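Breakdown of the fold
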Amino acid sequence: MVKKIASRIYMGLIFLFLYLPIVVLIVLSFNNSKSKVKWGGFTLDWYIKCFQSERIMSAFSTTLQITLLAAVISTIIGTLAAMGISAMKKRNQTIYLGATNIPMLNADIVTGIALMLWFSRFTSLGYVSILLAHVTFNIPYVILSILPKLQQMDMSVYEAARDLGANSVTAFFRVVFPMIFPSVVSGFFMALTMSMDDFVVTYFTKGAGINTLSTMIYGELKRGIKPEMYALSTLIFAVVLVVLLLSLIHISE
C-alpha cells in the first residue's frame, strides 16, 4: 500500500514538473499585467495584439509553411526510404540503419553548421535552405517510425495482389499502404513536431531577412519576451493538444 502511494506521488511530481511551466505560461497569457509574479486581472488583449503584430504573424506564417512542407516532403521520402531498406538483405539493412541513426544522435549544432556551410557553398541562405534543412533532419524520424511496421508485415499479401493482376503501384496503395498508414501518420506528426520545435538548425540556415517563431523569440530575449508571445505559445499548445487527441481517437477506432 505504501509503495503504491509512493509511486503515485512520484509520478505526480514528474507530471507536475513537466506541465507546470506550461500552466504558468497559459495563466500569464491572460494576465492584464506584464509582471510575471503579479496578477493584474483577466484580459484577452495579448491575444488581440498577437494577431495585430505583423512581425509575429509573419514569423508564424513562415513557421507553419516550413513545418507543413517539411513534414509532407520528409514523410513521402521517408516512406519510400523505409520500403527500400525493408527490402534489403540483413547486412545492408544494418548499414543503412546505422547511417539513419547518425543524424539523430548527432548534435544539432554540428548539423546546423554543416548544413550552413553546404548551402553557403552552393546557394544562398533563406527560405529554401531552411526547408531543405528541416527535411534533412526529419527523414530519419519518419524512416524509424515506418520501418518496424514494414518488417512486421506479411509480404505474401502484396505478392498475392500482384498475382491477381494488380500492378506494383495499385498493390502498394490497396494492400501495403493501408497496413502502414498508422505508422505513416505517426512519422508525419513526429516530423511536424520536430520541425516546429527546431531552433539550432534553423538559426544557422535561415540567412538574413527571414524569421521563424523560434529565431524571433531568441532575438527578443535581450529586450524581454513580450506577453503577446505567451498568447501565441498558448494557441500553439492548444492546437497541438487538439491534433494529439484527434490522432489518439483515430488510432483507437
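Placed above this text is the structure.
The rules we used
Residues numbered from 1 in each chain as written. Predicted model: local features only at pLDDT ≥ 70, side-chain atom pairs only at ≥ 80, totals over all residues. Heavy atoms only, no water. 1 Å grid on protein atoms, 1.4 Å probe; cavity = no way out; pocket = protein on both sides within 12 Å on 5 of 7 lines; lining within 4 Å. Points joined across faces, edges and corners; volume = space filled by probe spheres on them. Helix = DSSP H or I, 4+ residues; strand = E, 2+ residues; numbered from the N terminus. Nonpolar A, V, L, I, M, F, W, Y, C, P; charged D, E, K, R; others polar. Axes fitted to C-alpha atoms, helices over the stretch in contact; angles between N-to-C directions. Parallel < 35°, antiparallel > 145°, perpendicular 65-115°, else oblique. Left-handed = near helix turned anticlockwise from the far one by under 90°. Contact = heavy atoms within 4.5 Å.

Turning our attention to the layout of surface pockets. By volume, the largest pocket is sized at about 990 Å³. What lines the largest pocket is a set of 35 residues, and nearest its centre among them are Thr193, Met196, Asp197, Ile236 and Val240. For the lining of the largest pocket, the secondary-structure elements that each account for two or more residues are helix H3 (54-86), helix H8 (168-197), helix H10 (213-220) and helix H11 (227-252). A total of 13 residues in the lining of the largest pocket trace back to one element, the largest contributor, which is H11. When the residues that make up the lining of the largest pocket are grouped by side-chain class, the tally is 22 nonpolar, eleven polar and two charged.

So, on to the packing of helix H6 (residues 127-152) against H8. Here H6 crosses H8 at 150°, and the two axes come no closer than 8 Å. In terms of their interaxial angle, H6 and H8 are classed as roughly antiparallel. Between H6 and H8 lies a crossing whose hand is right-handed. When H6 is examined against H8, the residues His134, Phe137, Asn138, Tyr141, Val142, Ser145, Ile146, Lys149 and Leu150 are found in contact with a partner set consisting of Val176, Met179, Ile180, Ser183, Val184, Ser186, Gly187, Met190, Ala191, Met194 and Ser195. Partitioning the contact of H6 with H8 into residue classes produces twelve nonpolar, seven polar and one charged.

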